[in-house]
Amino acid sequence: MGYANGLLCPQGKQPLLSFGVISDVQYADIPDGRSFLGVPRYYRHSVSVLQRAVQKWNEEKPMFVLNFGDIVDGFCPKDQSMVAVKKIVNEFDKFNGPVYHMIGNHCLYNLPRKDLLPLLRIPGHDGCAYFDFSPIPEYRFVILDAYDISAIGWLENHPNTAKALKILQERNPNSDKNSPNGLVGPERRFLKFNGGVGEEQLQWLDHVLQESTKLNQNVVVCCHLPLDPGASSLSALCWNYDEVMDVIHRYNCVKVCLGGHDHKGGHSVDSHGVHHRVLEAALECPPGTDSFGHIDAFDDRLSLFGTDRMKSTEMVFGHLCNKTVY
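Basis of the calculations
Residues numbered from 1 in each chain as written. Predicted model: local features only at pLDDT ≥ 70, side-chain atom pairs only at ≥ 80, totals over all residues. Heavy atoms only, no water. UniProt positions renumbered as here; feature names shortened; annotations may be inferred. Patch = residues over 30% accessible without salt bridge, like charges linked within 9 Å, V, L, I, M, F, W, Y side chains within 5 Å. Areas by Shrake-Rupley, 256 points an atom, 1.4 Å probe, with all protein chains shown as cover. Salt bridge = Lys/Arg side-chain N within 4 Å of Asp/Glu carboxyl O. Helix = DSSP H or I, 4+ residues; strand = E, 2+ residues; numbered from the N terminus. Buried < 20%, exposed > 50% of the residue type's maximum accessible area, 1.4 Å probe, protein only. Lys, Arg positive; Asp, Glu negative; His and termini not counted. Charge placed at Lys NZ, Arg CZ, Asp CG, Glu CD. Contact = heavy atoms within 4.5 Å. Expected span 1.5 Å × (residues − 1).

An unreviewed UniProt entry lists the chain under the name Manganese-dependent ADP-ribose/CDP-alcohol diphosphatase, with Anisodus acutangulus as the source organism. Regarding the chain, the UniProt comment filed under Cofactor (unreviewed entry) reads as follows: "Mg(2+)". According to its UniProt record, the chain has this under Subunit (unreviewed entry): "Monomer."

Q: Please provide a residue-by-residue account of a nonpolar patch on the surface, values included.
A: Together, F36, L37 and V39 make up a nonpolar patch on the protein surface, roughly 350 Å² of accessible area in all. Among the secondary structure elements, L37 is positioned in the loop between β2 (33-34) and β3 (40-41). For L37, a relative accessible area of 67% puts it in the exposed group.

Q: Residues and numbers for a negative patch on the surface, please.
A: There is a patch of like negative charges on the surface, built from E199, D242, E243 and D246. In terms of residue count, helix α7 (residues 241-248) provides more of the negative patch than any other element does, three residues in total. Take D242: it is sitting in helix α7. The partly exposed category is assigned to D242, whose relative accessible area is 35%.

Q: Can you tell me about the UniProt feature "domain: Calcineurin-like phosphoesterase" (unreviewed entry) in the chain, naming the residues and giving the values?
A: UniProt records the feature "domain: Calcineurin-like phosphoesterase" (unreviewed entry) for residues 18-264 in the present numbering. Taken end to end, residues 18-264 is 32% helix and 16% strand, and its two terminal C-alpha atoms sit 24 Å from one another.

Q: So, the environment of C107: which residues are in play, and what are the values?
A: For C107, the position within the fold is in helix α3 (residues 105-110). By relative accessible area, C107 is classed as buried at 1%. For C107 and G198, which are 91 residues apart along the polypeptide, the C-alpha to C-alpha distance reads 19 Å. If near-sequence neighbours (up to four positions away) are discounted, C107 is found in contact with G69, D70, I71, V72, M102 and L116.

Q: Help me get a handle on helix α1 (residues 45-60), residues and values and all.
A: The end-to-end C-alpha distance of α1, which contains 16 residues, comes to 23 Å, matching closely the 22 Å that a straight helix rising 1.5 Å per residue would cover. Taken residue by residue, α1 has H45, S46, V47, V49, L50, A53, V54, W57 and E60 as its buried positions. Those residues of α1 that are buried are in contact with β1 (17-22), β4 (64-67), α2 (81-92) and β12 (291-297). With its phi angle positive at about 60 degrees, K61 sits one or two positions after the end of α1.

Structure follows, in structure tokens:
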């Protein structure tokens with residue numbers, strides 16, 4: 001692996017494994033546009049970013065790739081949704097190894113879960129998209145479904161839809177539930193384009209972390225929605241990030257939480273020493289620029305080597321200080 005952007009591997013050490021990362025491709029065959037905050041979005045160029053990422057990963061030969069969700073954009077014409085998702089999945093499939101996908105809000109704007117999960121080859125739990133895998137004995141990766149409790153993605157009469165609508169009604173007084181007007185601090189997360197982790201998934205997470213603790217594994221939690229206010233815009237957080245982190249903080253095995261959704265990216269270390277790294281979006285790369293990377297995993301750290309707009313980051317376990325290379 002190359003060690004670019006100023007990061008150096010721990011002296012004399014080879015990584016235990018390496019894996020590729022990318023987030024928020026949000027492809028659509030439509031003209032460029034802007035976010036509601038006015039940030040430019042390059043809907044057609046994003047597939048070029050992904051193509052260059054796959055080419056680079058095939059040269060570097062990471063063990064697998066993690067895609068942090070929002071594979072296509074919500075502005076994709078609905079009659080093109082299936083074609084667009086298949087097009088991007090096909091580009092991911094050109095990687096010479098496994099690709100693990102997460103679902104995001106833009107995925108769910110386009111396709112129902114019953115179609116989306118098989119296309120992305122996500123092992124489901126009654127339509128939910130959470131799972132875990134252990135590529136080597138020293139590491140376990142936990143993939144959360146941040147839209148378990150959500151007003152998008154489930155049928156209108158599904159109990160998870162009802163739970164989500166009740167939360168939004170109680171926590172967001174605006175008629176437009178995607179508006180944070182009047183919401184202060186972390187309360188700004190109670191927006192329709194976010195979601196939450198259900199009770200059954202929380203119990204599953206607790207069980208997985210118990211097992212990982214017994215096996216003395218380092219755990220990396222992956223979630224489309226950020227789980228720490230220090231790493232993200234407050235309006236991008238998982239609805240019940242605090243409950244998720246309460247479970248995570250019961251154990252010492254979780255070292256890093258990786259996420260997407262908040263396109264500008266971010267990095268924090270919480271009060272328990274857990275790193276939170278939100279990845280910069282592929283969608284917001286102007287032509288000629290990129291946002292993807294690979295992560296080398298050691299026994300005491302994760303080292304993210306970013307390309308171009310994705311910032312390289314050293315995440316040393318148990319250290320409350322951190323270094324991000326720009």
